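Inside the fold
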Amino acid sequence: MPEGIDYQNGEQAGFWNLREYILYRDNHTCCGCKGKSKDNILEIHHIVQRKDGGTDKPSNLVTLCKTCHDGYTREL
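If you're wondering where the values come from, they're calculated on a predicted model, not measured in any experiment. (Residues numbered from 1 in each chain as written. Predicted model: local features only at pLDDT ≥ 70, side-chain atom pairs only at ≥ 80, totals over all residues. Heavy atoms only, no water.)

1. Description of helix α1 (residues 18–25)
Listed as buried for α1 are Tyr21, Ile22 and Leu23. If you follow the buried residues of α1, they end up packed against β1 (42–46) and β2 (61–65). Capping the start of α1, asparagine 17 holds a side-chain oxygen 3.2 Å from the backbone nitrogen of arginine 19, two or three residues further along. Following α1 by one or two positions, asparagine 27 adopts a phi angle in the positive range, close to 60°. (Buried < 20%, exposed > 50% of the residue type's maximum accessible area, 1.4 Å probe, protein only. Helix = DSSP H or I, 4+ residues; strand = E, 2+ residues; numbered from the N terminus. Contact = heavy atoms within 4.5 Å. Polar contact = N/O pair within 3.5 Å; in protein donor to acceptor, adjacent residues only side chain to side chain.)

Printed below as a string of structure tokens:
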């Protein structure tokens, strides 16, 4: 378990917020269509929804373009 300064030096160190980190980690590219939709609007998507026990941890978040994100949310 990280203690003290270790909390400040984790994988997200140097990023303004979680969204910025996820976009950087995913190369500002949709993980659904890999940019094929040409949609420039990028959103952060929970793989497991919070209502179903998902968290805001980076391992549960991916970058999706608006087109793919709308498709995923329609399926739910």
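This is not the end of the story, as more comes after the structure.
2. Quick look at the packing of aromatic side chains
For the structure on display, the rule yields two aromatic pairs. The interplanar angle of 75° and the centroid separation of 5.2 Å between the aromatic rings of phenylalanine 15 and tyrosine 21 together place this pair among those described as edge-to-face. Classification of phenylalanine 15 by relative accessible area gives partly exposed; the value is 24%. Measuring from ring centre to ring centre gives 5.1 Å for phenylalanine 15 and tyrosine 24, while their planes differ by 50°; the resulting arrangement is tilted. Among the residues examined, tyrosine 24 registers a relative accessible area of 53% and is labelled exposed. Put simply, the rings of Phe15, Tyr21 and Tyr24 pair up and form one aromatic cluster. (Phe/Tyr/Trp six-rings, centres within 6.5 Å; stacked < 30°, edge-to-face > 60°.)

3. So, the state of the cysteines
Enumeration over the complete set of coordinates arrives at zero disulfides. No disulfide involves cysteine 31; its sulfur sits 6.6 Å from that of cysteine 30, the nearest cysteine. The exposure class of cysteine 31 is partly exposed, given its relative accessible area of 30%. Distance from the sulfur of cysteine 65, which forms no disulfide, to the nearest cysteine sulfur (cysteine 68) is 3.6 Å. By relative accessible area, cysteine 65 is classed as buried at 1%. (Disulfide = S-S within 2.5 Å.)

Note that all results are geometric; they support no functional claim without further evidence.
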